[in-house]
Each structure stands twice: as C-alpha cells, then as structure tokens.
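# Coordinate analysis (summary)
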Amino acid sequence: MKKWFLFAPGPTPVPPEASLAMAMPILHHRTSDFEAIFEEVREGLKYVFQTSKDVIVLASSGTGAMEAAVVNTLSPGDKAVVVRGGKFGERWAEICESYGIVTIPIDVEWGCAVDVDDVKKVLDKHPDAKALLWQASETSTGVKHPTKELAELCKERGILSIVDGITAIGVFDVRTEEWGIDVVVSGSQKAFMLPPGLAFITLSDRAWEATKKSKSPKYYFDLAKELKNQQKNQTAYTPAVSLIIGLRETLRMIKNEGLENVFKRHAILAEASREAMKAIGLELFSKVPSEAVTAVKVPEGIDGGKIPKILRENYGVIIAGGQSQLKGKIFRISHMGYVNKFDMLSVIGAIEGVLKELGYKFELGAAVKKAQEILWR
Ligand SMILES: *Cc1c(COP(=O)(O)O)cnc(C)c1O
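Below you will find a few notes about this structure. All of these numbers come straight from a predicted model, not from anything done at the bench. (Residues numbered from 1 in each chain as written. Predicted model: local features only at pLDDT ≥ 70, side-chain atom pairs only at ≥ 80, totals over all residues. Heavy atoms only, no water.)

## Concerning the nonpolar core
L45, L132, F192, F200 and L247 are the most contacted members of the largest nonpolar core, which totals 60 residues. The residues that make up this core include at least three from each of domain 1 (5–10 + 259–375) and domain 2 (16–256). One finds A272, V296, L311 and I348 within the second-largest nonpolar core, a separate group that totals 35 residues. (Core = buried A, V, L, I, M, F, W, Y, C linked by side-chain atoms within 4.5 Å. Buried < 20%, exposed > 50% of the residue type's maximum accessible area, 1.4 Å probe, protein only. Domains from an automatic or database assignment.)

Following this line, the structure appears as structure tokens:
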C-alpha cells in the first residue's frame, strides 16, 4: 500500500474542506453566486496580505504574478535592481530582461541573505533605478531576506519595492501596507493550501501610479483592466472558478486560526525541523532560514539525489532536492500550509529511515525525539 505524504515547497497538501468544495458542480462566473464568493475571497486575501488595498486574483502560476508585477510598473529601458540569491531571484532578473528592463543584479551567495548595506551601495551607484526586486523567502535555498529593512530603504530612496512573497505570505509576518511595500505577489499552491493555478498580486497607491506610466507590452496581465472588473467582484476573463471556491475555504481556515497563530505554527514547525536535522549531525544550508522550508546539506559520502528518490519511491514521502547548482547537495523539507506537528514527525521519521538505508551513521530516533521536545515544549 502506498500512502502519499507531500512535503514539497509547492504544491503543498490541500485540506479536505477545500477539495470537497472544489468537487461541487462548476458555477457559472457571470452570476451573483460567483460574485458573492469572490467578494468574500477578496476580503480574505486582504487579511492574509495585511493590506487594505485590492489583491488581484489571476489564473496562472505564481510566475504570472511576477511577470504582471514587472510589466505593469516598469517600462523598457527602465533600470531595476534585483537581489539574485537563488532560482527565484534569477527568475526576477530573467523576467525583467525579457521585457527590455535594464537589470542590475546583486549576486548573493546561495544560502545567504542579502546584506542591506550592499543594497544601499548598489542603489547609490544607480540613483536612476526605478525598483528593487527580491524574494521575501527564496525557496530554492531556504533563505529569508530582510524584507522590512529593504522596503524601508526603497521608501527612503523613492523607488518601488517589488516582493516575491510566494512562500512568505501566510507563512511569516509580511506587513504589506504597514511596511510600505509597493508590490507583493503570491500563488495558490504554497501557504494558501490549494492546487496550483491561482496567482495573487497587490499594489500600493504608488505602484498604481507607476502603472499609468508603464509602457511594457501586456494583455492578459493588464492589472488596471483587471482591477476595474475585480472591484465589481468579477474578472476580465474567465476565472479559475473551482480554485476560487477552494480558496474561500482555505481563507476561512486561515481566518479561524488567526494569522498570528498561523505564523507561530510555521515558526515552531520550522524550528523543530531544523533542530531535528542538527540532532543527527546534519548541517543546515541556509544561514537565515525561512519558516517555509528547511534546506539541509546532504552529508558527506551520501548520494544526495537518492534521498528524495527513495523517500518517494519506497515511502510515498515527497520532499524536494536541490535545484541547479544545488542538485544532489541539499534536500528541502517544506512545512508550509496544511501541516501540523504530527506531519513533522512523519517526515522527520522518514528522513531518518532513508538515511539509515543509505548507511549514514547516527542514533535512530534522535531527530524525531528532538522534534518532539520542541513541538511539545
Ligand atoms: C513557487 C515559487 C514561485 C512561483 O513558481 P510557479 O511555479 O510559477 O508557481 C516563485 N517564487 C518563489 C519564491 C516560489 O517559491
């Protein structure tokens, strides 16, 4: 018998409440029934994004919202500074370059968070830069960048702060409005506990002003057009109706738990996961770990590619390996979204099992024990 356990940093597990809601017969979207659902969803998104501004819902993966952020606020020839410390930082740069935006990368060693002073220096050298783009949580390396400080810096300099919050929103505290962040994006298959297919984006007043000047080509991702529709609880094009119905359920769950408690849960699960790995002699990859995902170095002498492979094939446990240059060098455990204490004991126990199989020397049970001590502290 194979039972699946999903601990990948997207897609993440979907709660049965959402699955059942999504299994209902499809609704037509040009109806008052849909509008009532969408109205509730739009309010719920504002709560999770910690903003009073509209959060626009798009039918795309998270990258679509990243593209929307760029093409609506910047123009070809504009200069943008990009924090590039992993796969998703690279993606910001690639999107900007695709649209003729002059990209100034700040290359950060993978596993490290960007240094705010380094960003200051780059902005001093490029006073004409229009925007700074970064990841609140760089999922490929498990790193948390200093979002509050970077947002403040952008405000001081009068440039747009554009944040990929895809594995941050609903995981840890990102105060979109209070911190004055101009653009925040996220996606459904991470902390929103849904299948892939929805992307979210919210803009400050300053960012909406910038959209008026943006000359980048766009059609589906024209946010001004989308906003007009969404303020009437409609969408410009056919919405991903079923996912929006599922989203109503997961937003209710987040609201019921309370955002503060959601953050606390992620923090303790992340801590348990980190300390468990250290308890069996493993080293963490990230110097400033994100609460979304724990990146762990593969120990010397172990074939790193085999860890996720055996976990999946023999145990039905899905974790992620490393991407690009980190392939075979790290593995990543997600504790984002619909995850609780008992789930953590499963994945940690499974990792102990596979390490034992691969001949790594450690005391069986030590990681699970450490996790229990933290989870039931
Ligand atoms: C998952 C993820 C994305 C978006 O990826 P999609 O596959 O387009 O949904 C972007 N940034 C980060 C940090 C992510 O974790």
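Picking up where we left off.
## Quick word on unusual backbone geometry
Cis geometry marks the peptide bond from G10 to P11; its omega dihedral reads -5°. Position of P11 relative to the elements: it lies in the loop between β1 (5–6) and α1 (16–22). In the Ramachandran plot, Q50 falls in the positive-phi region, its phi being about 55° despite a non-glycine side chain. Despite not being glycine, M193 has its phi angle at roughly 65°, a positive value. (Helix = DSSP H or I, 4+ residues; strand = E, 2+ residues; numbered from the N terminus.)

## Let's talk about the sheet that holds strand β2 (residues 55–59)
If you walk across this open sheet you meet the 7 strands as β2-β10-β9-β8-β5-β3-β4, and the pairing is mixed. Only two strands of the sheet have a single neighbouring strand rather than two, namely β2 and β4 (102–107). Strand-to-strand twist of the sheet, defined as the mean angle between neighbouring strand axes without regard to direction, takes the value 20°. Across 5 bridges, the pairing between β2 and strand β10 (residues 198–203) is antiparallel. Residue pairing in the sheet places V55 in a bridge with T202 of β10. Seen against the sheet, helix α2 (residues 32–49) touches β2, β9 (183–187) and β10 and runs at an angle of roughly 115° to β2. Where helix α5 (residues 116–125) meets the sheet, it contacts β3 (79–84), β4 and β5 (131–135), and its direction lies at approximately 150° from that of β4. (Pairing = 2+ DSSP bridges. Axes fitted to C-alpha atoms, helices over the stretch in contact; angles between N-to-C directions. Contact = heavy atoms within 4.5 Å.)

Everything listed here is a matter of geometry and, on its own, says nothing about what the molecule does.
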